[in-house]
Amino acid sequence: MLYFIGLGLGDAKDITVKGLEIVKQCSRVYLEAYTSMLTVGKDALEEYYGRELILADRDMVEQEADEILKGADVSDVAFLVVGDPFGATTHSDLVLRAVNAGIQYRVIHNASIMNAVGCCGLQLYNFGETVSVVFWTDTWRPESFYDKIKKNRDLGMHTLCLLDIKVKEQSMENLMRGRKIYEPPRYMTVSQAAEQLLEIVQNRRERGDDLAISEETICVGLARVGAEDQAIRAGTLRQLASCDLGGPLHSMIVTGHLHPLEVDMLRLSATTPDALQDLQMTDSSTYTS
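Residues numbered from 1 in each chain as written. Predicted model: local features only at pLDDT ≥ 70, side-chain atom pairs only at ≥ 80, totals over all residues. Heavy atoms only, no water.

A. Representation of the packing of helix 7 (residues 144–154) against helix 9 (residues 190–207) in the model. Look at helix 7 against helix 9: their axes get within 10 Å of each other, and the N-to-C directions meet at 80 degrees. Taken as axis vectors, helix 7 and helix 9 run roughly perpendicular relative to one another. Contact residues: helix 7 offers Phe145, Tyr146, Asp147 and Ile149, while helix 9 offers Leu197, Ile200 and Arg204. (Axes fitted to C-alpha atoms, helices over the stretch in contact; angles between N-to-C directions. Helix = DSSP H or I, 4+ residues; strand = E, 2+ residues; numbered from the N terminus. Parallel < 35°, antiparallel > 145°, perpendicular 65-115°, else oblique. Contact = heavy atoms within 4.5 Å.)

See the structure below:
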């Protein structure tokens, strides 16, 4: 059997009891090491699980999947994923490879940012499509995620923005020369994502487009959700651009229509006492920004 086991969002102890029991019985245990990260490293996981872990980077999972599947038809193999196993589409590909190879699989679920984001006080059923915000470069500055935020805002829905992670990435020069030299890890912050979004807003304003959001749109920044030192800040997009939430991982929410209860919850983590004062009431049960 090939087991896909979610590790949750915090530290080594966030694995489920069922997941830990399976880890202890497997012949090999892989740790997926590029779509997310815990607050502790591989050594801490190995100590708590009592097992040696094999780091599975992007190259292994996407190009050497047969190595992971090897022997899983006659013994138990575990594939550990931070959060929930299906938080990244890569893992669906691994499931399909297993099925095509005649290997049975089982999934042990856990908390992920997709549901834990409710800790900020916004109601999960009011979220629309989730978007990814990537690091811009000098020559590549995509704005497509803004259009998805606009679609959600038009429907009154909140947008969860997953912020870019660069782990084991090669520079263009090293990639072209075939050199296995990797750049230092980088993790996008809420302030960086807000700055990019502010620039898009300005670009669209100069083009004369109808704006989906403005500098005063209420957004929420989250950092290290599930850890003891998690941080949540609610404020305007402009305020979040200068907000320091500390170490990774960060996520950001662009709000849609807000229920009064959601507004009360956001006030608990407001950047300033007056951060939500400019909300507009559209009816007795809906606020917008």
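We are not done yet, so read on.
B. Here's a closer look at the nonpolar core. Residues Ile149, Cys161, Leu197, Ile213, Leu237 and Met252 are the most contacted members of the largest nonpolar core, which totals 29 residues. Broken down by secondary-structure element, the contributors of at least two residues to this core are strand 6 (131–133), helix 7, strand 7 (159–163), helix 9, strand 10 (218–223), helix 10 (237–240) and strand 12 (250–254). The dominant element in this core, judged by the number of residues it contributes, is helix 9, at seven residues. Ile213 has contacts with Tyr146, Ile149, Arg153, Leu197, Val201, Leu237 and Val254, leaving out every residue within four places of it along the chain. Grouped together as the second largest cluster of nonpolar side chains are 20 residues, Leu9, Ile113, Leu266 and Leu279 included. (Core = buried A, V, L, I, M, F, W, Y, C linked by side-chain atoms within 4.5 Å. Buried < 20%, exposed > 50% of the residue type's maximum accessible area, 1.4 Å probe, protein only.)

C. The UniProt feature "binding site: S-adenosyl-L-methionine" (unreviewed entry) in the protein, seen in detail. Taking the numbering used here, the UniProt-annotated feature "binding site: S-adenosyl-L-methionine" (unreviewed entry) corresponds to Leu9, Asp84, Gly87, Ser112, Ile113, Leu163, Val225 and His250. Position of Val225 relative to the elements: it lies in the loop between strand 10 and strand 11 (231–236). Given the relative accessible area of 11%, Val225 is considered buried. Among the secondary structure elements, His250 is positioned in strand 12. Given a relative accessible area of 6%, His250 falls into the buried group. Aside from chain neighbours lying at most four places away, what touches His250 is Leu163, Met188, Thr189, Val190, Leu222, Ala223, Arg224 and Leu245. For His250, the side chain forms a polar contact with the main-chain nitrogen of Val190, separated by 3.0 Å. (UniProt positions renumbered as here; feature names shortened; annotations may be inferred. Polar contact = N/O pair within 3.5 Å; in protein donor to acceptor, adjacent residues only side chain to side chain.)

D. Molecular detail of the sheet that holds strand 12. Pairing in this open sheet of five strands is mixed, and the strands run 6-7-12-10-11 from one edge to the other. Two strands lie at the open edges of the sheet, namely strand 6 and strand 11, each paired on one side alone. This sheet shows a mean twist of 25 degrees between the axes of neighbouring strands, independent of strand direction. Summarising the sheet, strand 6 and strand 7 pair through three bridges and their orientation is parallel. If you follow Val133 over to strand 7, its bridge partner there is Leu163. Where helix 7 meets the sheet, it contacts strand 6, strand 7 and strand 12, and its direction lies at approximately 145 degrees from that of strand 6. (Pairing = 2+ DSSP bridges.)

E. View of helix 7. Turning to helix 7, its buried residues number three or more, namely Phe145, Tyr146, Ile149, Asn152 and Arg153. Seen along its axis, helix 7 keeps its buried residues to an arc of 120 degrees; they face one direction. Across helix 7 from its buried face, at more than 90 degrees, point the exposed residues Lys151 and Asp154. Of the surrounding elements, those touching the buried residues of helix 7 are strand 6, strand 7, helix 9 and strand 12. Downstream of helix 7 by a residue or two, Gly156 has a phi angle that is positive, lying close to 80 degrees. (Arc of directions from axis to C-beta.)

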